[in-house]
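Residue-level listing of the chains:
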Amino acid sequence: DGGITQSPKYLFRKEGQNVTLSCEQNLNHDAMYWYRQDPGQGLRLIYYSQIVNDFQKGDIAEGYSVSREKKESFPLTVTSAQKNPTAFYLCASSLRDIRGYGYTFGSGTRLTVV
Amino acid sequence: GDSVTQMEGPVTLSEEAFLTINCTYTATGYPSLFWYVQYPGEGLQLLLKATKADDKGSNKGFEATYRKETTSFHLEKGSVQVSDSAVYFCALRDTNAGKSTFGDGTTLTVKP
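The model shown is predicted, which means the values in this text are computed figures rather than measured ones. (Residues numbered from 1 in each chain as written. Chains lettered and ligands numbered in written order. Predicted model: local features only at pLDDT ≥ 70, side-chain atom pairs only at ≥ 80, totals over all residues. Heavy atoms only, no water.)

Novice: Which residues make up the overall build of chain A, and what are the values?
Specialist: A count of helices and strands for chain A gives 0 helices and 11 strands. Tracing chain A from N to C terminus, the helices and strands come up as β-β-β-β-β-β-β-β-β-β-β. Here the C-alpha radius of gyration of chain A, 13 Å, is about what a compact globule of 114 residues would show, namely 13 Å. Counting over 114 residues, chain A shows a buried share of 47%. Summed over its atoms, the accessible surface of chain A is roughly 5,500 Å², and 47% of this surface lies on carbon and sulfur atoms. (Helix = DSSP H or I, 4+ residues; strand = E, 2+ residues; numbered from the N terminus. Rg over C-alpha atoms; globule rule 2.2 N^0.38 Å. Buried < 20%, exposed > 50% of the residue type's maximum accessible area, 1.4 Å probe, protein only. Areas by Shrake-Rupley, 256 points an atom, 1.4 Å probe, with all protein chains shown as cover.)

Novice: Can you lay out the side chain of Arg93 of chain B for me, pointing to particular residues and giving the numbers?
Specialist: Secondary-structure assignment places Arg93 of chain B in strand β10 (residues 86–93). No salt bridge is formed by the buried Arg93 of chain B. Its closest oppositely charged neighbour is Asp94 of chain B, at 6.0 Å. Within the local environment of Arg93 of chain B, its side chain forms a polar contact with the side chain of Ser94 of chain A, the two groups lying 2.7 Å apart. A polar contact of 3.1 Å, which involves the side chain of Arg93 of chain B, links it to the backbone oxygen of Leu95 of chain A. (Lys, Arg positive; Asp, Glu negative; His and termini not counted. Salt bridge = Lys/Arg side-chain N within 4 Å of Asp/Glu carboxyl O. Polar contact = N/O pair within 3.5 Å; in protein donor to acceptor, adjacent residues only side chain to side chain.)

Novice: Can you explain unusual backbone geometry? Please cite residues and give values.
Specialist: Of note, the bond from Ser7 of chain A into Pro8 of chain A is cis; its omega dihedral lies within 30 degrees of zero at -10°. Structurally, the position occupied by Pro8 of chain A is in the loop between β1 (4–7) and β2 (10–13). Cis rather than trans, the peptide bond between Gly9 of chain B and Pro10 of chain B has omega equal to -5°. At Asn53 of chain A, a residue that is not glycine, the phi angle is positive and equals roughly 65°. Mapped onto the elements of the fold, Asn53 of chain A is located in the loop between β5 (43–51) and β6 (54–57).

Novice: Could you give me a rundown of the pairing of strand β12 (residues 106–111) of chain B, with the residues and numbers involved?
Specialist: Residues and elements named next belong to chain B. Only one face of β12 is buried: it carries Thr106, Leu108 and Val110, and the other face, with Thr107, Thr109 and Lys111, is open. Examined bridge by bridge, strand β2 (residues 11–14) and β12 share 4 bridges and lie parallel to one another. Residue pairing in the sheet places Thr12 in a bridge with Thr109 of β12. Strand direction decides the pairing type here: β10 and β12, joined by 3 bridges, are antiparallel. Bridge pairing in β12 links Val87 to Thr107. (Pairing = 2+ DSSP bridges.)

Novice: Mind laying out the nonpolar core, listing which residues take part and the relevant values?
Specialist: Ranked by internal contacts, the top residues of the largest apolar core, which has 25 residues, are Trp35, Leu48, Phe73, Leu75 and Tyr88 of chain B. Considering each element in turn, this core owes the most residues, 4 residues, to β10 of chain B. Residues contacting Tyr88 of chain B, with those up to four places away along its chain left out, are Gln6, Ile21, Trp35, Tyr36, Val37, Leu47, Phe62, Leu75, Gly105, Thr106 and Leu108 of chain B. Core analysis: the second largest hydrophobic core is formed by 19 residues, Tyr64, Phe74, Cys91 and Leu111 of chain A among them. (Core = buried A, V, L, I, M, F, W, Y, C linked by side-chain atoms within 4.5 Å. Contact = heavy atoms within 4.5 Å.)

Novice: Residues and numbers for the state of the cysteines, please.
Specialist: Residues and elements named next belong to chain A. Tallied over the entire structure, the rule returns 2 disulfides over all chains. Note on cysteine connectivity: Cys23 is disulfide-linked to Cys91, with sulfurs 1.9 Å apart. Given an S-S torsion of about -75°, the disulfide between Cys23 and Cys91 has left-handed geometry. With Cys23 in strand β3 (residues 19–25) and Cys91 in strand β9 (residues 87–94), the pair connects residues that are 68 residues apart, well separated along the chain. (Disulfide = S-S within 2.5 Å.)

Novice: Just give me the short version of the pattern of salt bridges, but keep the residues and values in it.
Specialist: In total, this model carries 7 salt bridges over all chains according to the counting rule given. Residue Asp84 of chain B pairs with Lys77 of chain B through a salt bridge whose shortest N-O separation is 2.7 Å. Grouping residues by exposure puts Asp84 of chain B and Lys77 of chain B together as buried. Through salt bridges that share partners, Arg36, Asp38 and Arg44 of chain A make up one connected network.

Novice: Please provide a residue-by-residue account of the side chain of Gln6 of chain A, values included.
Specialist: Residue and element names in this part refer to chain A. Within the element layout of this structure, Gln6 appears in strand β1. For Gln6, a relative accessible area of 6% gives the class buried. From its side chain, Gln6 meets the backbone nitrogen of Cys91 in a polar contact 2.9 Å long. A distance of 3.1 Å separates a polar side-chain atom of Gln6 from the backbone nitrogen of Gly108.

Given below as structure tokens:
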């Protein structure tokens, strides 16, 4: 079955460390997105990519970086510059230019700073 | 820019009660509208959608109608169950099928 896989499910980061969250999809979707969700709050867009080798900053890109070298993969790196990284991170994918096509979400990665 | 405003929660209902979660939007062009559901500790799942005025999206007993004149897409269910307890997000996707804009989510708790 096609889907979108995020790993790991739980991740612990020490102060000053960079960590990378994985997001892989086998849905042949063009577009991929990273969101951050804090407890009791909505989704905030970090980065998104509409095609391979291209990506754009979202609303809260500072302290994060991404790459899109393959259509299937869109990893997110949380750098040491991100001062408050503890949150639930969601990856999503979708087709482009198809009216009415929604997002498929992964099951999320919960990142905790220790 | 585009925006989505949802009814603030939390919403607490008894089993078999009627549910309405209000959603209004502001957008240029003619967006597609969506409702997503998020169960605890999980990602969001697409619940239903509508792509043009007066379209009704429906799934699992939930319904929402695209009202262009009132720029609304309210979620309804006639008889909620405990298993419907979750966070519900209203969203729009712009005319050119680019990024989606999400509301802040409404937490629903259904008590037996």
